[in-house]
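# Fold and geometry: a report
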Amino acid sequence: MVQEERYMQRCLDLAMLGAGTASPNPMVGAVILHDDLIIGEGYTSPYGGPHAEVNAVKDAYRKLGEAEAKALFRVSTMYVSLEPCSHFGKTPPCADMLVELQFKRLVIGCLDPFAKVNGQGLKKLQQAGIDTTTGVLEDACIFLNRRFFTRIQQQRPYVILKWAQTEDGFFSPEVGAKRWISNKASKQLVHKWRGEEDAILVGTSTALIDNPALTTRLWNGKNPKRILIDKELKVSADAAIFNEEAETIVFNAHQTHWQKNRKLIALEHFDLYLPQQMLYQLYLMDVQSLIVEGGAMTIQSFIDAGLWDEARVFVSQSRWNQGKPAPLLNMIMSTTQKVGSDDLGFYFNGQIV
Ligand code: AOF
Ligand code: ZN
């Protein structure tokens, strides 16, 4: 069992290399083991490309030559963090390939929740006489693909709230002021995080006051889609959020149409159920995860709707001593479990931690 967990952990590490590129596909890692030796490994290619299992097989071909690799597969075990697929999507079924290559054994992290697969990949392998084990490091495998599981099971993107605050719970010294709370290292970390998600959202005040570009320029990651809430279309077309670096979607109360580099989407009941409506529209666009960067009202609206999964909170040591702490953080603290250090807390609004 210890050995099984070790190789599944390797699959998880490989899977992480697909962060930010595999989506809306899940990130998957696969390892082929023969006589305690890894003879091939792989992870999910950028969306639309080959799956982890195919890349692991190709890796073994490269290392050993196709004929020798094929001979070894019959006495080898493949470890894979997600159930091999059984359907024709953008690529052919991995389960069929594994059956054809006559792998001896498959060790699987967790089942695929996607309806076209869900248990059927496993069944194909078992019917072909391949020895199977499932549920190795299952919680970690589900957690790694929490964005994918949320999209499939809840028909909405996975929502990450991110903010920085003072020790006594404030976002800014006074309403409408711009002040940096976090430092350069934390800014860089945030840019890395942005590159791992499909989309990034801010409200009107943040766009007007901070004029953020919402890119990953301090990290070199891919830029996520930018989402702006702007009921009355107050943010001007030359704001940084509309620069050429990425596409921007503007949720507003008036019009739906394409303009250069920006897509306007009018919501029917703009104030009522705003988070629900936005998340549904993003789900329809295959956006699998969303990082919400502010401001306070926008973050609060997701908390009030119960539509968030994870909060990442930077806490600086400064105090602005303005009376009672902001209600936002208290709310999060009282309903969730915190992981992390004192100056960077992670909160989860669900069972998976
Ligand atoms: C695997 N290995 O590495 C991944 C899987 O359109 P396709 O062909 O790319 O299929 C997408 C579906 O395949 C996706 O929704 C999920 O159910 C599964 N992803 N499966 O065997 C992989 N990424
Ligand atoms: Zn597959």
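Residues numbered from 1 in each chain as written. Chains lettered and ligands numbered in written order. Predicted model: local features only at pLDDT ≥ 70, side-chain atom pairs only at ≥ 80, totals over all residues.

As recorded in an unreviewed UniProt entry, the chain goes by Riboflavin biosynthesis protein RibD and comes from Sphingobacterium haloxyli.

## Let's talk about the overall build of the chain
Keep this limit in mind: Helix and strand definitions here come from DSSP, where helices need a minimum of 4 consecutive H or I residues and strands a minimum of 2 consecutive E residues; each element is numbered from the N-terminal end. Any residue surrounded by 20 or more other C-beta atoms within 10 Å of its C-beta is treated as buried, while 12 or fewer makes it exposed and the intermediate range makes it partly exposed; C-beta atoms here are placed from the backbone.
In terms of regular secondary structure, the chain is built from twelve helices and 15 strands. When each of the 353 residues of the chain is scored for burial, the buried share is 41%.

## Structural notes on the UniProt feature "domain: CMP/dCMP-type deaminase" (unreviewed entry) in the chain
This is how it is decided: UniProt positions are given in the numbering used here, feature names are shortened, and annotations may be inferred rather than shown by experiment.
Under the UniProt annotation, "domain: CMP/dCMP-type deaminase" (unreviewed entry) lies at residues 2-133. Between the end C-alpha atoms of residues 2-133 the distance is 14 Å, and the span holds 39% helix and 21% strand.

## So, the nonpolar core
Our working definition: What makes a nonpolar core is a set of buried Ala, Val, Leu, Ile, Met, Phe, Trp, Tyr and Cys residues, with links drawn between C-beta atoms within 7 Å. Residues are scored as being in contact if the C-beta atoms we place from backbone atoms lie within 7 Å.
Ranked by size, the top nonpolar core spans 42 residues in total, and within it Cys11, Ala30, Met78, Tyr79, Val80 and Leu106 carry the most contacts. The contacts of Ala30, once residues within four sequence positions are left out, are Cys11, Glu41, Gly42, Ala52, Glu53, Ala56, Met78, Tyr79 and Val80. Ranked by size, the runner-up nonpolar core spans 41 residues in total, among them Leu201, Ala207, Ile229 and Leu307.

## Observations concerning the UniProt feature "binding site: NADP(+)" (unreviewed entry) in the chain
Mapped onto this numbering, the UniProt entry annotates "binding site: NADP(+)" (unreviewed entry) at Ala164, Trp180, Asp210, Gly295, Ala296, Met297, Thr298, Ile299, Gln300 and Ser301. The topology assignment puts Ala164 in strand β6 (residues 158-165). Owing to 23 C-beta atoms within 10 Å, Ala164 belongs among the buried residues under this scheme. Its place among the elements puts Ala296 in helix α11 (residues 296-304).

## What to know about the sheet that holds strand β3 (residues 77-82)
In a beta sheet, neighbouring strands are held together by backbone hydrogen bonds and run either parallel or antiparallel to one another. Note the cut-off: Note on pairing: DSSP must find at least two bridges between two strands before they are called paired. Under this scheme, a helix contributes an axis fitted over its contacting stretch, all axes are lines through C-alpha atoms, and angles between N-to-C directions fall in the 0 to 180 degree range.
Taken in spatial order, the five strands of this open sheet run β2-β1-β3-β4-β5, and their pairing is mixed. Whereas interior strands pair on both sides, the edge strands pair on one side only; in this sheet they are β2 (37-43) and β5 (131-134). Each neighbouring strand pair of the sheet contributes to a mean axis angle of 15 degrees, computed without reference to strand direction. Pairing of strand β4 (residues 105-110) with β5 involves four bridges; the strand directions are parallel.

## What about the pairing of β4?
The element β4 is extensively covered by neighbouring structure, given that five of its six residues are classed as buried. Two elements, β3 and β4, share five bridges in a ladder whose sense is parallel. Each bridged residue has a counterpart across the sheet, and for Val80 the counterpart in β4 is Ile108.

## Structural notes on the confidence of the model for the chain
Fine structural detail should not be taken from predicted coordinates in areas where pLDDT scores are low. What counts, and what does not: Confidence per residue, as judged by the predictor, is encoded in pLDDT with a range of 0 to 100.
Mean pLDDT over the chain: 90, with 88% of residues reaching 70 or higher. Predicted as a complex, the structure gets a pTM of 0.90 and an ipTM equal to 0.93.

## Description of the domain arrangement of the chain
Under the convention used in this document: Domain limits in this description derive from either an automatic procedure or a database domain assignment. Under the grouping applied here, Gly and all other residues not named as nonpolar or charged are polar, the nonpolar ones being Ala, Val, Leu, Ile, Met, Phe, Trp, Tyr, Cys and Pro and the charged ones Asp, Glu, Lys and Arg.
Domain boundaries in the chain define domain 1 (3-150) and domain 2 (155-348). Facing the eight residues of domain 1 at the interface are eleven residues of domain 2. For the side of domain 1 that touches domain 2, a count of residues per class yields three nonpolar, three polar and two charged.

## Focus: the packing of helix α2 (residues 52-64) against helix α3 (residues 66-73)
Where we set the bar: Roughly parallel refers to an angle under 35 degrees, roughly antiparallel to one over 145, roughly perpendicular to one between 65 and 115, and oblique to any angle outside these ranges. In this scheme, a crossing is called left-handed if the near helix is turned counterclockwise away from the far one by less than a right angle; it is called right-handed if the turn is clockwise.
Direction vectors running N to C along α2 and α3 enclose 125 degrees, while the axes themselves pass 7 Å from each other. Taken together, α2 and α3 sit at an angle that is classed as oblique. In this structure, the crossing between α2 and α3 has a hand that is right-handed. Listed contacts from α3 to Ala60, Tyr61 and Leu64 of α2 are Glu66, Glu68, Ala69 and Leu72. Classifying every residue of the contact of α2 with α3 by side-chain character gives five nonpolar, no polar and two charged.

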